[in-house]
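A structural walkthrough
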Amino acid sequence: MGFSFNGVSVLMLVALMVNSLMVASAGNFYQDFDITWGDRRAKMFNGGQLLTLSLDQVSGSGFKSKSEYLFGRIDMQLKLVSGNSAGTVTAYYLSSQGPTHDEIDFEFLGNLTGDPYILHTNVFTQGKGNREQQFYLWFDPTRNFHTYSIIWNSKQIIFLVDNIPIREFKNAESIGVPFPKNQPMRIYSSLWNADDWATRGGLVKTDWTKAPFTAFYRNFNANACVWSSGASSCASTSSNSISNSVWQAQELDPNSRRRLRWVQKYFMIYNYCSDLKRFPEGIPAECRRSRFL
Ligand SMILES: *[C@@H]1O[C@H](CO)[C@@H](O)[C@H](O)[C@H]1NC(C)=O
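To start, this report covers the structure provided alongside it. (Residues numbered from 1 in each chain as written. Predicted model: local features only at pLDDT ≥ 70, side-chain atom pairs only at ≥ 80, totals over all residues. Heavy atoms only, no water.)

Moving on, we come to the layout of surface pockets. Counted as a void, the second largest pocket has a volume near 270 Å³. If you go around the second largest pocket, you meet 18 residues; those closest to its centre are G114, D115, P116, D140 and P141. Of the residues in the lining of the second largest pocket, the class split is nine nonpolar, seven polar and two charged. (1 Å grid on protein atoms, 1.4 Å probe; cavity = no way out; pocket = protein on both sides within 12 Å on 5 of 7 lines; lining within 4 Å. Points joined across faces, edges and corners; volume = space filled by probe spheres on them. Nonpolar A, V, L, I, M, F, W, Y, C, P; charged D, E, K, R; others polar.)

Following this line, the structure appears as structure tokens:
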């Protein structure tokens, strides 16, 4: 994807500057996460500063957070499976449990060497999803670590890539759309084989001669309300229970909204809100409300 127009390079520069000012207070994977499946395919290194997931023909692997969260800003840096990653999916998401669960998803769909990954996003509320938006990225996500973030407060959910908003899901309860606000969620990630659908709709299969496939994680940071024994750490009377609470009231300012529009204009490849064929009785209510969903 080449950039032939002015403005983008300036925008990228600003993004880089903002990014380098953000001090990610690195969490510790040993403290914050449990390996959930895949045996030795999931590993923690460097005293808990680095985590890797891998996938081979026998199994993928995954981890989840020890804590449950109800609202917060959650950042993680990922470096995705490089080379021929076709057929593989790296999922990184927040989810509550049960049949009416809420979920906020990033899924990275691999591709042949040199062909672009797809970043697939979705939001489930009360067990119902079908709110997919897909994007190409403006960089190669396999070369370096990049930061993938979710800001989740009672007014909206914002998905960010390197601090650039790519998607906003607003609280539209006033028009009857459920919003995730009562069910605490854990952070999950997994790397698995999905070559029946992931790459070019399932046309390109996983090349097992390239296994094991590996994805890398570092600099986890949750500036979030931890839910434990039915209470939120943010409700505690002791002050400073969360160090920095900008995210609690965060919404997109005009500059962030411009960036969101830039991403949606040049990098969005699928938006459920524009998929009229799929919703013959009319597009979902939240799509009618905002042009920027
Ligand atoms: C893989 O590359 C092809 C060809 O460029 C593209 O059409 C497709 O969207 C890419 N991503 C995935 C996950 O299929």
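Another point: the side chain of T121. One can find T121 in strand β8 (residues 118–124). Judged by its relative accessible area of 0%, T121 is buried. Separated by 2.9 Å, the side chains of T121 and R167 make a polar contact. Other than its neighbours up to four places away in sequence, T121 contacts D105, F106, R131, E132, Q133, F135, F159, I166 and R167. (Helix = DSSP H or I, 4+ residues; strand = E, 2+ residues; numbered from the N terminus. Buried < 20%, exposed > 50% of the residue type's maximum accessible area, 1.4 Å probe, protein only. Polar contact = N/O pair within 3.5 Å; in protein donor to acceptor, adjacent residues only side chain to side chain. Contact = heavy atoms within 4.5 Å.)

In the neighbourhood of the ligand, the contacting residues comprise L109, G110, N111, D115, P116, I118, Y136, A198, T199 and R200. Within the backbone of P116, an N or O atom sits 3.0 Å from a nitrogen atom of the ligand. At a separation of 2.7 Å, an oxygen atom of the ligand approaches a polar side-chain atom of Y136. In the complex, 75% of the free accessible area of the ligand, which totals 360 Å², lies under the protein chains. (Near = heavy atom within 4 Å. Areas by Shrake-Rupley, 256 points an atom, 1.4 Å probe, with all protein chains shown as cover.)

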